[in-house]
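# Descriptive structure summary
Read off the chains here:
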Amino acid sequence: MAGPRVEVDGSIMEGGGQILRVSTALSCLLGLPLRVHKIRAGRSTPGLSSGGWKSKIKVLTRPQHLSGLEMIRDLCDGQLEGAEIGSTEITFTPEKIKGGIHTADTKTAGSVCLLMQVSMPCVLFAASPSELHLKGGTNAEMAPQIDYTEMVFKPIVEKFGFIFNCDIKTRGYYPKGGGEVIVRMSPVKQLNPINLTDRGCVTKIYGRAFVAGVLPFKVAKDMAAAAVRCIRKEIRDLYVNIQPVQEPKDQAFGNGNGIIIVAETSTGCLFAGSSLGKRGVNADKVGIEAAEMLLANLRHGGTVDEYLQDQLIVFMALANGVSRIKTGPVTLHTQTAIHFAEQIAKAKFIVKKSEDEEDAAKDTYIIECQGIGMTNPNL
């Protein structure tokens, strides 16, 4: 089933784990053998690593990139060479994507959400339903928090015409990880295109501020209160409902605190701001950081926030028809995903400044994609 080998330069653009995630997922889906070379050549520690962007994290964690690559290999009984820590080149030869139960364990606080990102498009085109057991960090730095995945990513990505179930068994935090999430989904014949260009007006703001382990509940209340105060300065006419939460001892591994705040609009658009606590950072600051991120995402006039942009690109590329999303400034992650979706899947993207009158003074763009109309050969 293998076609000609695709050659990918792992040092360009984002130059990190995202190139590996997008290219191996597309290689798996399209049955194209892949070679990625110069992996992370632009980063402070070249080669396969944990996916942490800060060198201190790199040294401490065992590769989440590896667990992602191994998961894709297992999903399709493929062959994977060069997948070891510090490797600057991998080759991957995919076979047929199969359903069933698959487990991936980062062995660290490596993000379960990034494992989900790489595997989800593949299992949609499997032969039978899948159950993914993903282990690692659920609320980790430099990656979406699992609450973002549930509250923002899930309702929007399901517009492509599929549903998935995400069961958080245990939450895990930096540096230990230890979280587990089970994702269940059935395959589809094809993905529908999406059109997210009408922003509407903000109708609801809600969220959760959590503490886990030894951290006092007061920290959750302080994060929530500071976030509410910050949002009220800019948005006065909406009730802001941020619930403080003490994670149950049997459902959280280790110590952590953080907050996610979501804004919902009249047309069903969702935006978020989130932040994780770190040692020595006071609770108010964590709450304010999340609130400011949310407010920034509401200012640009787009229909998706800066973190959802790149997560939708692969689905747009595979969909059967033309998809359009309106965004704020196009992130490097999004540009990278578009580059490889064009190179590997041969989807066609056009990124242009929004011409809508209300966007005239803003940095707002339309990302349009002619999807390839990928069809599940098994259904």
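Residues numbered from 1 in each chain as written. Predicted model: local features only at pLDDT ≥ 70, side-chain atom pairs only at ≥ 80, totals over all residues. Heavy atoms only, no water.

## A few points about the overall build of the protein
The number of helices and strands found in the protein is nine helices and 17 strands. Over its C-alpha trace the protein gives a radius of gyration of 20 Å, about what one expects of a compact globule, namely 21 Å for 379 residues. With respect to the principal axes defined by its C-alpha atoms, the protein has extents near 55 × 50 × 40 Å. Taken across its 379 residues, the protein has 57% of its residues classed as buried. Here the contacts in the protein between residues at least 6 apart in sequence split such that 74% fall between residues at least 24 apart. When the accessible surface of the protein is split by element, carbon and sulfur atoms take 52% of a total near 15,000 Å². If you average the places of the 43 positive and of the 39 negative side-chain charges in the protein, the two averages end up 4 Å apart. (Helix = DSSP H or I, 4+ residues; strand = E, 2+ residues; numbered from the N terminus. Rg over C-alpha atoms; globule rule 2.2 N^0.38 Å. Buried < 20%, exposed > 50% of the residue type's maximum accessible area, 1.4 Å probe, protein only. Contact = heavy atoms within 4.5 Å. Areas by Shrake-Rupley, 256 points an atom, 1.4 Å probe, with all protein chains shown as cover. Lys, Arg positive; Asp, Glu negative; His and termini not counted. Charge placed at Lys NZ, Arg CZ, Asp CG, Glu CD.)

## Some details on the domain arrangement of the protein
When the domains of the protein are assigned, the result is domain 1 (202-300) and domain 2 (304-372). Just the C-alpha atoms count here: the centres of domain 1 and domain 2 sit 28 Å apart. At the junction of the two partners, domain 1 supplies seven residues and domain 2 supplies ten residues. Among the residues of domain 1 in contact with domain 2, M293, N297 and H300 are the three that bury the most area, contributing 66% of the side total. Seen at the junction of domain 1 and domain 2, the total is zero salt bridges. Linking domain 1 with domain 2 are three residue pairs in polar contact (both at pLDDT 80 or more), by the criterion used here. For the side of domain 1 that touches domain 2, the elements supplying multiple residues, two or more each, are β14 (270-276) and α7 (283-299). The residue inventory of the side of domain 1 that touches domain 2, partitioned by class, reads four nonpolar, two polar and one charged. (Domains from an automatic or database assignment. Buried area = accessible area lost by both parts, 1.4 Å probe. Salt bridge = Lys/Arg side-chain N within 4 Å of Asp/Glu carboxyl O. Polar contact = N/O pair within 3.5 Å; in protein donor to acceptor, adjacent residues only side chain to side chain. Nonpolar A, V, L, I, M, F, W, Y, C, P; charged D, E, K, R; others polar.)

## Observations concerning the pattern of salt bridges
Within the structure shown, the criterion is met by 23 salt bridges. A salt bridge links E89 to R35; the nearest nitrogen and oxygen atoms lie 2.9 Å apart. With a gap of 54 residues between them, E89 in the loop between β3 (79-81) and β4 (90-93) and R35 in strand β2 (residues 34-37) connect regions that are remote in the sequence. Residue classification places R35 among the partly exposed positions, given a relative accessible area of 23%. Here R229 ties to D284 by a salt bridge, and the two come within 3.4 Å at their closest N and O atoms. Taken together, the positions of R229 in helix α6 (residues 217-234) and D284 in helix α7 put the pair 55 residues apart, joining distant regions of the chain. For D284, a relative accessible area of 29% gives the class partly exposed. Salt bridges sharing common partners tie together E131, D167, K169 and R184.

## Topic: the UniProt feature "domain: RNA 3'-terminal phosphate cyclase insert" (unreviewed entry) in the protein
UniProt marks residues 197-298 with the feature "domain: RNA 3'-terminal phosphate cyclase insert" (unreviewed entry), using the numbering shown here. Measuring from the first to the last C-alpha atom of residues 197-298 gives 14 Å, for a span that is 33% helix and 36% strand. (UniProt positions renumbered as here; feature names shortened; annotations may be inferred.)

## Things to note about the packing of aromatic side chains
Overall, the coordinates contain six aromatic pairs when judged by the stated rule. Each ring, one from F153 and one from F164, has its centre 6.2 Å from the other, and the planes form 50 degrees; the classification is tilted. Here F153 is found in helix α5 (residues 146-157), whereas its partner F164 is found in strand β7 (residues 164-172), with eleven residues between them in sequence. Taking 5.9 Å as the distance between ring centres and 20 degrees as the angle between the ring planes, the aromatic pair formed by F162 and F315 counts as stacked. (Phe/Tyr/Trp six-rings, centres within 6.5 Å; stacked < 30°, edge-to-face > 60°.)

## Quick look at unusual backbone geometry
Geometrically, the link from Y174 to P175 is a cis peptide bond, its omega value of 5 degrees lying close to zero. The residue P175 is located in the loop between β7 and β8 (179-185) in this model. Unusually for a residue other than glycine, K107 sits at a positive phi of about 65 degrees. For K107, the location among the structural elements is in the loop between β5 (100-105) and α4 (112-123). For K107, a relative accessible area of 57% puts it in the exposed group. Phi angles above zero are rare outside glycine, and M142 is one such case at about 60 degrees. Here M142 is to be found in the loop between β6 (130-136) and α5. Owing to a relative accessible area of 31%, M142 belongs among the partly exposed residues under this scheme.

## Examining the nonpolar core
F160, F162, F164, L191, L312 and F349 are the most contacted members of the largest nonpolar core, which has 83 residues in total. Per-domain counts for this core show at least three residues from each of domain 1 (202-300) and domain 2 (304-372). When neighbours within four sequence positions are excluded, L191 is seen to be in contact with L124, F125, F160, F162, F315, L318, A319 and N320. Core analysis: the second largest hydrophobic core is formed by 27 residues, V211, A227, A291 and L295 among them. (Core = buried A, V, L, I, M, F, W, Y, C linked by side-chain atoms within 4.5 Å.)

## Here's the deal with the sheet that holds strand β15 (residues 322-327)
Across the sheet, which stays open at both edges, the four strands sit in the order β9-β15-β17-β16 with mixed pairing between neighbours. Looking at strand neighbours, the two that pair on one side only are β9 (195-196) and β16 (348-353), the edges of this open sheet. Bridge count for β15 against strand β17 (residues 365-370) is six bridges, and the pairing is antiparallel. Across the sheet, the residue bridging to R324 is E368, located in β17. Relative to β15, helix α8 (residues 308-318) is tilted by about 170 degrees, and along the sheet it contacts β9, β15, β16 and β17. (Pairing = 2+ DSSP bridges. Axes fitted to C-alpha atoms, helices over the stretch in contact; angles between N-to-C directions.)

## Description of the environment of A227
You can see A227 is positioned in helix α6. Sequence separation of A227 and A296 is 69 residues, and the distance between their C-alpha atoms is 14 Å. When near neighbours in sequence (up to four residues on either side) are disregarded, A227 contacts I242, I259, I261, G287 and A291.

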